[in-house]
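Notes for the structure review
Okay, here's what each chain looks like letter by letter:
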Amino acid sequence: MKHHTLLQHCRIIVNYSLLLLFLGVPFWGAAQVPAGEVNWPVFMARQNLKWDQPGKDYYSGMILGNGLLGTNIYQENDSSIRFDIGRTDVVDHREKLLPNAGKLYTQARLPLGYFTLKTAGKITGAKMELDIYNATASGTVFTTQGTLSFTAFVAATQNVISIDLKATAKEQARGWKWNPGKSISPRYFQSYPTDKPVNYPENPPVKWSTAKGYTFCSQPLLNNGGYTTAYKILSNSGAQQLIVSVGYDGEGTADENKEAENNLRRFENDKQSLVSHHNWWHQYYQKSFIALPDKRMENFYWIQLYKLASVTRADKPVADLMGPWTASTPWPAIWWNLNAQLTYSPIFTANHLELGESLFSSLNRNRQNLINNVPEQWRNDAAAIGRSSAYGLVSPISEDEISKGTFEPANLTWLLYYYYQYYAYSRDEQTLKTKIYPLLKRSANFLIHQLKPDDRGIYHFPMSHSPEYKNAEDANYTLASLSWALQTLIKVNDEQQLNDADAGKWKTILKNLTPFPVGESGFLIGKDVPLNSSHRHYSHLLMIYPYNLVNWDQPENRALISRSLQNWLSYKNALAGFSFTGAASIYAGTGNGDMAYQWLNELLDRFIQVNTLYRESGPVIETPLAAATSIQEMLLQSWGGKIRVFPAIPTSWQNTSFKQLLAEGAFLVSADWQKGSTQQIQITSLKGGGLTLVTDMPEFTIHSNKRIKVDFRIQKTAGKTIIEVAKTIIGETIQFVSASFEKKQAPGFPYSKYQDWFWGLNKK
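Residues numbered from 1 in each chain as written. Predicted model: local features only at pLDDT ≥ 70, side-chain atom pairs only at ≥ 80, totals over all residues. Heavy atoms only, no water.

We now examine the overall build of the chain. The helix and strand inventory of the chain stands at 16 helices and 33 strands. For 764 residues, the compact-globule estimate of 2.2 N^0.38 gives 27 Å, and the C-alpha radius of gyration of the chain, at 27 Å, lies within 12% of that figure. Projecting the C-alpha coordinates of the chain onto the three principal axes gives extents of approximately 80 × 65 × 45 Å. Buried residues in the chain amount to 63% of all 764 residues. Across the chain, every contact between residues at least 6 apart in sequence was considered, and the portion connecting residues at least 24 apart equals 67%. In the structure as shown, the chain presents an accessible area of about 28300 Å², 50% of it carried by carbon and sulfur atoms. Charge centroids of the chain, computed over 75 positive and 65 negative side chains, lie 4 Å from each other. (Helix = DSSP H or I, 4+ residues; strand = E, 2+ residues; numbered from the N terminus. Rg over C-alpha atoms; globule rule 2.2 N^0.38 Å. Buried < 20%, exposed > 50% of the residue type's maximum accessible area, 1.4 Å probe, protein only. Contact = heavy atoms within 4.5 Å. Areas by Shrake-Rupley, 256 points an atom, 1.4 Å probe, with all protein chains shown as cover. Lys, Arg positive; Asp, Glu negative; His and termini not counted. Charge placed at Lys NZ, Arg CZ, Asp CG, Glu CD.)

Side chains that are three or four residues apart share a direction in an α-helix, a result of its 3.6 residues per turn. Counted at 1.5 Å a residue, the expected span for helix H13 (residues 558–570) with its 13 residues is 18 Å, and the 18 Å between its end C-alpha atoms agrees. Inspection of H13 places Leu-560, Ile-561, Ser-564, Leu-565, Asn-567, Trp-568 and Leu-569 among the buried residues, and these make up the whole buried set. Summarising the contacts, the buried residues of H13 are in contact with strand E22 (518–519), strand E23 (522–523), helix H14 (577–589) and helix H15 (593–606). (Expected span 1.5 Å × (residues − 1).)

All right, on to the environment of Thr-144 then. Within the fold, Thr-144 resides in the loop between strand E7 (136–143) and strand E8 (146–154). Separated by 26 residues in sequence, Thr-144 and Lys-170 place their C-alpha atoms 9.0 Å apart. For Thr-144, the contacting residues outside a window of four places in its chain are Gly-121, Lys-122 and Thr-124.

Judged by pairing direction, the sheet is antiparallel, and its 5 strands sit side by side in the order E2-E3-E4-E5-E10 without closing on themselves. The open sheet has two edge strands with one neighbour each: strand E2 (62–65) and strand E10 (176–180). Pairwise comparison of adjacent strand axes, ignoring direction, gives a mean angle of 25° for this sheet. Two strands pair when backbone bridges link them, and strand E5 (residues 113–118) and E10 are joined in this way by 5 bridges, in the antiparallel orientation. Directly across from Phe-115, in E10, lies its bridge partner Trp-178. (Pairing = 2+ DSSP bridges. Axes fitted to C-alpha atoms, helices over the stretch in contact; angles between N-to-C directions.)

What follows deals with the packing of aromatic side chains. Considering all chains together, one arrives at 51 aromatic pairs under this definition. Relative to Trp-176, the ring of Phe-115 lies with its centre 6.2 Å away and its plane at 90°, an arrangement referred to as edge-to-face. Taken together, the positions of Phe-115 in strand E5 and Trp-176 in strand E10 put the pair 61 residues apart, joining distant regions of the chain. Taken individually, Phe-115 and Trp-176 each receive the classification buried, so the pair is uniform in this respect. Arranged with centres 6.3 Å apart and planes meeting at 25°, the rings of Phe-348 and Tyr-418 form a pair that is stacked. (Phe/Tyr/Trp six-rings, centres within 6.5 Å; stacked < 30°, edge-to-face > 60°.)

Judged by how many residues are buried, strand E12 (residues 214–220) sits mostly within the fold: 7 of 7 residues are covered. Burial of E12 is two-sided: the residues Tyr-214, Phe-216, Ser-218 and Pro-220 facing one way and the residues Thr-215, Cys-217 and Gln-219 facing the other way are all buried. The sheet contact formed by strand E11 (residues 207–211) and E12 spans 5 bridges and is antiparallel. The residue of E12 that forms the bridge with Ser-209 is Phe-216. With antiparallel pairing between neighbouring strands as the criterion, E11 and E12 make up a hairpin whose turn holds 2 residues, including Lys-212 at a positive phi of roughly 55°. In this sheet, strand E13 (residues 226–236) lies alongside E12 in antiparallel orientation, the contact comprising 6 bridges. Paired with Pro-220 across the bridge in E13 is Gly-226. Linkage of E12 to E13, two consecutive antiparallel strands, is achieved through a turn of 5 residues, within which Asn-224 is found at a positive phi near 80°.

So, about the nonpolar core. One broad trend across soluble globular proteins is that nonpolar side chains are buried collectively. Counting residues in each nonpolar core, the largest one holds 230 residues, and the members touching the most others are Tyr-285 and Trp-302. A per-element tally of this core places helix H9 (residues 411–426) first, with 12 residues. Aside from chain neighbours lying at most four places away, what touches Trp-302 is Trp-40, Phe-43, Met-44, Gln-47, Ile-132, Tyr-285, Ser-288, Phe-289 and Ile-290. Core analysis: the next-biggest nonpolar cluster, separate from the first, contains 10 residues, Ala-155, Phe-216, Ile-243 and Ala-260 among them. (Core = buried A, V, L, I, M, F, W, Y, C linked by side-chain atoms within 4.5 Å.)

Glancing now at the pairing of strand E27 (residues 667–674). Burial analysis of E27 places 8 of its 8 residues in the buried class, the great majority of the element. Side chains Phe-667, Val-669, Ala-671 and Trp-673 project from E27 onto one buried face, and the interleaved Leu-668, Ser-670, Asp-672 and Gln-674 project onto a second face that is buried too. Sheet analysis places strand E26 (residues 656–663) next to E27, joined by 6 bridges and oriented antiparallel. Paired with Leu-661 across the two strands is Val-669, which belongs to E27. When E27 meets strand E28 (residues 677–685), the two strands line up antiparallel, connected through 8 bridges. If you follow Val-669 over to E28, its bridge partner there is Ile-683.

Turning to the sheet that holds E8, a few remarks are in order. Strand order in the open sheet formed by 9 strands is E1-E6-E7-E8-E9-E14-E13-E12-E11, and the pairing between neighbours is antiparallel. Only two strands of the sheet have a single neighbouring strand rather than two, namely strand E1 (49–51) and E11. For this sheet, the mean inter-axis angle between neighbouring strands, taken without regard to orientation, is 15°. Pairing analysis gives 11 bridges linking E13 to strand E14 (residues 239–249), with the strands arranged antiparallel. Residue pairing across strands places Ile-233 opposite Leu-242, the latter belonging to E14.

Our next topic: the packing of helix H10 (residues 429–448) against helix H11 (residues 476–495). Packing of H10 against H11 brings their axes to within 10 Å, and their N-to-C directions diverge by 140°. The pairing of H10 with H11 is recorded here as oblique in orientation. Where H10 crosses over H11, the handedness of that crossing is left-handed. Contacts between H10 and H11 involve Leu-432, Tyr-437, Leu-440, Lys-441, Ala-444, Leu-447 and Ile-448 from the former and Thr-478, Leu-482, Trp-484, Ala-485, Leu-486, Thr-488, Leu-489, Val-492 and Asn-493 from the latter. (Parallel < 35°, antiparallel > 145°, perpendicular 65-115°, else oblique. Left-handed = near helix turned anticlockwise from the far one by under 90°.)

Evaluation of the coordinates by the stated rule reveals 31 salt bridges. The closest approach of N and O atoms between Lys-659 and Glu-37, which form a salt bridge, is 3.5 Å. With Lys-659 in strand E26 and Glu-37 in the segment before helix H1 (40–45), this residue pair connects regions lying 622 residues apart in the sequence. Each member of the pair, Lys-659 together with Glu-37, is buried. Across the pair Glu-261 and Lys-212 runs a salt bridge whose closest N-O atoms are separated by 3.8 Å. Taken as a pair, Glu-261 in helix H3 (residues 256–269) and Lys-212 in the loop between E11 and E12 lie far apart in primary sequence, 49 residues in all. Residue classification places Glu-261 among the buried positions, given a relative accessible area of 7%. You can call Lys-212 exposed: its relative accessible area is 62%. Members of the salt-bridge network, linked through shared partners, are Lys-212, Lys-258, Glu-261 and Arg-265. (Salt bridge = Lys/Arg side-chain N within 4 Å of Asp/Glu carboxyl O.)

Following this line, the structure appears as structure tokens:
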């Protein structure tokens with residue numbers, strides 16, 4: 001690597017310091033994209049979903065949510081509009097009453113019910129729009145008797161759903177009816193489960209009451225808890241407003257009626273509720289920005305950011321498979337062997353670390369339950385979680401599950417990869433040392449306890465399950481997770497100078513851990529277990545993605561990565577939506593933007609519903625969100641101590657840009673790709689430290705807002721420029737600019753693909 005010691009400015013920049021030349025180019029490092037850089041109302045209006053006829057079901061409805069409450073709006077029949085109502089934390093509590101029944105029946109998410117709006121005439125069409133920038137659904141429904149116009153939102157800062165309605169001609173805004181849902185696990189009504197309890201009564205009947213103008217539909221639970229849907233209809237000059245809230249008491253210790261009533265009363269008295277709602281969403285979106293030349297994919301990405309904040313918030317429950325939109329499902333719980341991990345994967349690069357708090361606080365709050373999930377003899381230093389659980393994270397795991405095909409000992413470790421990502425992106429050392437590190441150590445210990453050395457002192461993992469495939473000794477799912485955990489623990493111990501007494505043991509195990517099982521076609525499922533049939537899960541490839549233990553920066557592993565990827569994807573019949581996101585992300589990691597783009601487009605073509613929800617046997621929220629991560633990884637990657645800007649751009653993309661995406665090391669990154677190459681990169685250091693940048697820019701000037709000179713080293717290899725800045729200053733913004741960079745207000749370029757696209761139910 002060449003170290004430059006002279007100040008020089010030439011066409012191919014090889015200098016370590018340049019005069020600070022702003023030339024009117026702005027710098028920023030604030031929490032939000034600065035005013036004036038993006039015309040947010042105009043840009044975000046392009047992201048709206050549009051309907052020219054009402055959706056007919058859950059997967060074509062208009063979805064609104066605030067991380068706890070939600071509604072999904074669609075047509076129920078030819079004279080009725082349906083408004084599903086959901087609350088994410090409303091679960092059953094009959095585990096003590098039915099101790100032998102599974103948690104999918106005793107602690108299941110429960111459907112609340114739905115409102116129907118009866119029309120006077122038959123519905124003939126509609127013109128409706130979901131404005132994601134303002135998180136508001138509005139439109140007009142046409143009937144044979146007139147029109148019904150509505151505006152609906154779920155208040156961002158209050159737990160209330162508001163629906164305004166106005167009728168014309170012979171239509172009447174007076175047909176509201178609340179239809180309570182059946183208070184029983186949705187799984188019980190599915191045909192295929194074989195684990196249904198023999199004696200499984202419904203919860204007690206609902207109780208109706210009215211007081212002070214409010215109507216209450218109270219649903220008792222068998223454990224003396226309950227939940228209440230409360231609502232009020234306000235009428236004024238032919239218009240109506242329906243306001244709805246839901247109170248919940250899972251343990252029989254609170255007053256769910258009073259909670260719902262207080263929510264409604266505060267909302268009625270708050271004359272600024274809509275302003276507060278809009279402000280919250282505007283501030284949320286403006287923390288980062290991306291613009292793509294493909295309108296369909298750009299719209300999709302922004303809708304996923306909308307869904308993330310609709311599904312969870314820092315102070316709301318951890319995201320499950322449905323979010324606030326309940327539906328018929330066999331999976332009314334949280335899944336820990338892929339779903340939760342993928343759901344939270346986009347928050348880091350999107351600069352929305354706050355959304356992860358719902359998951360991370362749940363891990364900390366339920367730490368003892370994670371400990372109790374392991375066999376008693378290991379509870380002094382281990383923790384784990386099984387395949388699925390309710391919000392308490394109670395999911396015992398033991399070797400007895402091998403015969404059931406459910407022994408997945410690495411689930412918690414994989415989940416903690418994302419908790420560690422929080423540290424990697426924030427450099428919050430206090431959280432690392434007091435919360436992440438101790439829990440990761442326990443998770444690793446659970447795996448270490450089960451290792452068996454052979455005669456040569458090589459450690460092997462006994463039989464475990466590779467999710468959604470087969471049992472295997474030395475399963476790559478387990479070995480990759482343990483390898484990542486050990487490397488991370490060693491790294492943290494060294495960097496934070498923790499002097500952990502177990503560090504020597506970790507190094508010995510890592511040095512003597514059996515290699516990942518490999519065959520002619522690439523990575524195996526495990527020892528002597530090849531991948532020879534379709535496998536929708538990439539559980540055997542975690543060492544490639546997301547752990548990056550085996551990666552494209554290692555030339556000796558490129559052929560192995562390619563063989564493994566091709567073999568996995570060659571068996572197509574069982575591939576599901578998240579297979580396509582996994583393929584796209586792995587291809588992005590190899591720098592192959594065309595293949596990443598191809599797999600994402602096929603996902604959008606085949607699997608994503610018109611409102612961007614995703615379905616299997618029931619709704620599963622994670623796949624579209626994982627696709628947002630794949631899009632991010634085409635634009636920015638920051639694993640392995642390097643920030644890679646535009647690492648996997650499709651050859652058909654001549655222009656794209658992003659602002660204030662977050663990278664590992666706590667760096668905010670903005671960049672412009674113009675006319676087929678990188679023209680400008682801007683990096684703000686939030687915590688200081690070294691910076692290594694990988695770019696395709698062969699020529700550039702460099703500027704800083706904190707100093708006249710920027711010391712750096714540069715290396716060019718395989719068409720890439722690697723720039724190392726040994727030390728950045730907290731708050732410093734460093735800009736790398738090509739001579740041909742054209743500064744424009746974002747997005748600064750027209751769409752070149754799907755120019756007329758809008759998600760929703762409309763003519764494409």
